[in-house]
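Observations on the three-dimensional arrangement
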Amino acid sequence: ACPVSLTKQNCSVHGNPLELFCKTCEDVFCRSCIAADHKGHDYSGADYYRRRCQKLEFDLNSVREKITAVINALAALTNRENEIKEQGEAIKEEIHVMVEELVDVLKQSERQLTREVDTIIDSKLEVLLEQKKSAETRLSQLKNCKEFVEQSL
């Protein structure tokens, strides 16, 4: 930060009050420094330096405000990011639960359909078994009849 009053500060080389500002070096100095260190440089009095300091301070405050605004925006973005992640995880969990429920329903349907198919198969096999027994009995009777006729001839 720029000092409010240059006259309260003294040159470290000559001990004189700092009352000039070198635009070339961007430094404050005393009248004795002109000949040695600032010969041919563009310089102004203390008022220019004070105005320049005030403008820099004003600009610095503007930068500070922008920094605060960006920090707040980043915090809001981070909060939104966390909300989205949490919502995403909640939705994933809902999907997982829903799929598990659907899988359970499908497994139940599978078991029910399997029982129904087993019942139908058992019923048809029972009918076929009866038909097979009947055919075997008929075959046996026909063979006996054939043997009887062949023996009679």
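Since this is a predicted model, take the numbers as computed values, not measurements.

Criteria and cut-off values
- Residues numbered from 1 in each chain as written.
- Predicted model: local features only at pLDDT ≥ 70, side-chain atom pairs only at ≥ 80, totals over all residues.
- Heavy atoms only, no water.
- pLDDT = per-residue confidence, 0-100.
- Helix = DSSP H or I, 4+ residues; strand = E, 2+ residues; numbered from the N terminus.
- Contact = heavy atoms within 4.5 Å.
- Pairing = 2+ DSSP bridges.
- Axes fitted to C-alpha atoms, helices over the stretch in contact; angles between N-to-C directions.
- Buried < 20%, exposed > 50% of the residue type's maximum accessible area, 1.4 Å probe, protein only.
- Polar contact = N/O pair within 3.5 Å; in protein donor to acceptor, adjacent residues only side chain to side chain.

1. A closer look at the confidence of the model for the protein
- Across the protein, the average pLDDT comes to 91, with 95% of residues at or above 70.
- Between the elements of the protein, mean pLDDT differs from a low of 82, seen in helix H1 (residues 33–37), to a high of 96, seen in helix H2 (residues 46–152).

2. Side note on the environment of Ile 34
- The topology assignment puts Ile 34 in helix H1.
- When the C-alpha atoms of Ile 34 and Cys 22 are compared, they prove to be 9.2 Å apart, with 12 residues separating the residues in sequence.
- Non-local contacts of Ile 34, meaning those with residues more than four positions away in its chain, are made with Leu 20, Phe 29, Lys 39 and Tyr 43.

3. Considering the sheet that holds strand S3 (residues 43–45)
- With antiparallel pairing, the 3 strands of this open sheet are ordered in space as S2-S1-S3. Looking at the sheet topology across the chains shown, the edges are occupied by strand S2 (27–29) and S3. Neighbouring strand axes in the sheet, compared pairwise and without regard to direction, differ in orientation by 30° on average.
- In terms of strand pairing, strand S1 (residues 20–22) meets S3 through 3 bridges, oriented antiparallel. By the bridge assignment, Phe 21 is partnered in S3 with Ser 44.
- Lying over the sheet, H2 contacts S1, S2 and S3, oriented at roughly 90° with respect to S3.

4. Some words on the side chain of Ser 44
- Locating Ser 44 in the fold gives a position in strand S3.
- Classification of Ser 44 by relative accessible area gives buried; the value is 15%.
- Of note is the side chain of Ser 44, whose polar atom sits 3.2 Å from the side chain of Lys 23.
- Leave out the neighbours within four places in its chain, and Ser 44 touches Leu 20, Phe 21 and Lys 23.

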